[in-house]
Amino acid sequence: MKRIIIHLTVVFMFLSPVISNAQALPFTAVDYDAVTLAKGGVSLTETSTVANAAFANPAAIVFYDDMLDASLAYTMWQPDFSNTSVASAGAALKIGKNIGVALGFSKGSCPEYETVDGSGAETGSFKPGNLQLGLGVAYKIIPFLSVGANIGYAVENLAPEMSYGALNADVYAMLKLGSLKAAVGVSELGGKVTSQSGASFSLPTSANVGIGYDLELSDTHAVNLNADAAYYLMGDIAAAAGVSYTYSKMVTARAGYRYGGSSVIPSFASAGIGIRLFGAKLDFAYLFASDVMKNTMSISIGYSF
């Protein structure tokens, strides 16, 4: 009986963000990359990594310094709340100077629980989880302006015969004038998601704007500043800001804060560190200052050239 109670609690925790915001598939609003999580989740004008552009801003790909950026990540998401583990992978490729493409994958899972029938008898076990696939393209219209679009598919399995799936899309434009960067777009566009019971929920669609600035203090020291803001069509507002300091293009320290309000991603503070050597990258992020998000950790390894 104890395990059954735990199972019901886990399912409720999966459902609670959907019910409270009347939104389905809330995980599609999250970028699980350790670099962006360490900076409060800012991603729209982040060009130090574009591996996860298929789940973020694809228009940034053509402003990336290298040709290819790829990464693998593992995230312990809300370990004190839902205890979800997320494995993700992404890659972005520049084709010439003006075209970019990206692919993304993520799979999240919660602890397995026992299932019961209508009489309360145990019938087996079930492992809740979610899956997301993404494809992105970008094109540089003129030297300082690009556009990009993503299309993806996401599905969440909460319980036996209780799953939700939908196509979604992102559309962005990005401006880069020297050290100043700005982006605007709409994410998680899609139709209603209908449950087996006939109830309909909306995707966490949002209108987003971001700004960033790269400050090269010398050949050895560099600072990057980013800020994002989002208006969810359900009426919620969120904002995030992050800063990073890089020494000798090898070691980077990051910190940030996200105000989530009542949006699908709660408020949190974050910090992290990254190491880059001969194209290989290792990044770590830790989230705190939040009852829901505290102790979330993400680690990613990557390579670029």
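Residues numbered from 1 in each chain as written. Predicted model: local features only at pLDDT ≥ 70, side-chain atom pairs only at ≥ 80, totals over all residues. Heavy atoms only, no water.

1. Considering the packing of aromatic side chains
In this description, an aromatic ring pair is defined by two values, namely the gap between the centres and the angle between the planes.
Then, number 1: Here the structure, examined in full by the defined rule, presents five aromatic pairs.
Then, number 2: Between Tyr32 and Trp77, the aromatic rings sit 5.3 Å apart at their centres with planes inclined by 80°, giving edge-to-face as the arrangement. Here Tyr32, found in the loop between α1 (2-21) and α2 (34-37), pairs with Trp77, found in strand β1 (residues 68-77); they are 45 residues apart in sequence, far enough to count as distant. Neither residue differs from the other here; Tyr32 and Trp77 are each classed as buried.
Then, number 3: Between the aromatic rings of Tyr113 and Phe126, the centroid separation amounts to 5.9 Å while the plane-to-plane angle is 55°, which identifies the pairing as tilted. On the criterion of sequence distance, the pair formed by Tyr113 in strand β4 (residues 113-116) and Phe126 in strand β5 (residues 122-126) is long-range, its members being 13 residues apart. With respect to burial, Tyr113 and Phe126 carry one shared label: buried. (Phe/Tyr/Trp six-rings, centres within 6.5 Å; stacked < 30°, edge-to-face > 60°. Helix = DSSP H or I, 4+ residues; strand = E, 2+ residues; numbered from the N terminus. Buried < 20%, exposed > 50% of the residue type's maximum accessible area, 1.4 Å probe, protein only.)

2. A few points about the pairing of strand β16 (residues 268-277)
The two faces of a sheet get side chains in turn, since along a regular strand they alternate between them.
Then, number 1: Strand direction decides the pairing type here: strand β15 (residues 251-259) and β16, joined by eight bridges, are antiparallel. Paired with Gly256 across the two strands is Ser270, which belongs to β16. (Pairing = 2+ DSSP bridges.)

3. Quick notes on the pattern of salt bridges
Then, number 1: In this structure the tally under the stated criterion is five salt bridges.
Then, number 2: Across the pair Asp214 and Lys181 runs a salt bridge whose closest N-O atoms are separated by 3.2 Å. With a gap of 33 residues between them, Asp214 in strand β12 (residues 206-216) and Lys181 in strand β9 (residues 180-189) connect regions that are remote in the sequence.
Then, number 3: With a shortest N-O distance of 2.9 Å, Arg254 and Asp283 are connected by a salt bridge. Here Arg254 is found in strand β15, whereas its partner Asp283 is found in strand β17 (residues 280-288), with 29 residues between them in sequence. (Salt bridge = Lys/Arg side-chain N within 4 Å of Asp/Glu carboxyl O.)

4. Examining the pairing of strand β6 (residues 129-142)
Then, number 1: Sheet topology note: the strand β3 (residues 99-109)/β6 ladder contains eleven bridges and is antiparallel. Residue pairing in the sheet places Leu103 in a bridge with Leu135 of β6.
Then, number 2: Direction of pairing for β6 relative to strand β7 (residues 145-159): antiparallel, over a ladder of 13 bridges. Within the sheet, the bridge partner assigned to Lys140 lies in β7 and is Ser146.
Then, number 3: Counted between consecutive antiparallel strands, the loop separating β6 from β7 contains two residues.

The quantities given are spatial measurements derived from coordinates; they are silent on function.
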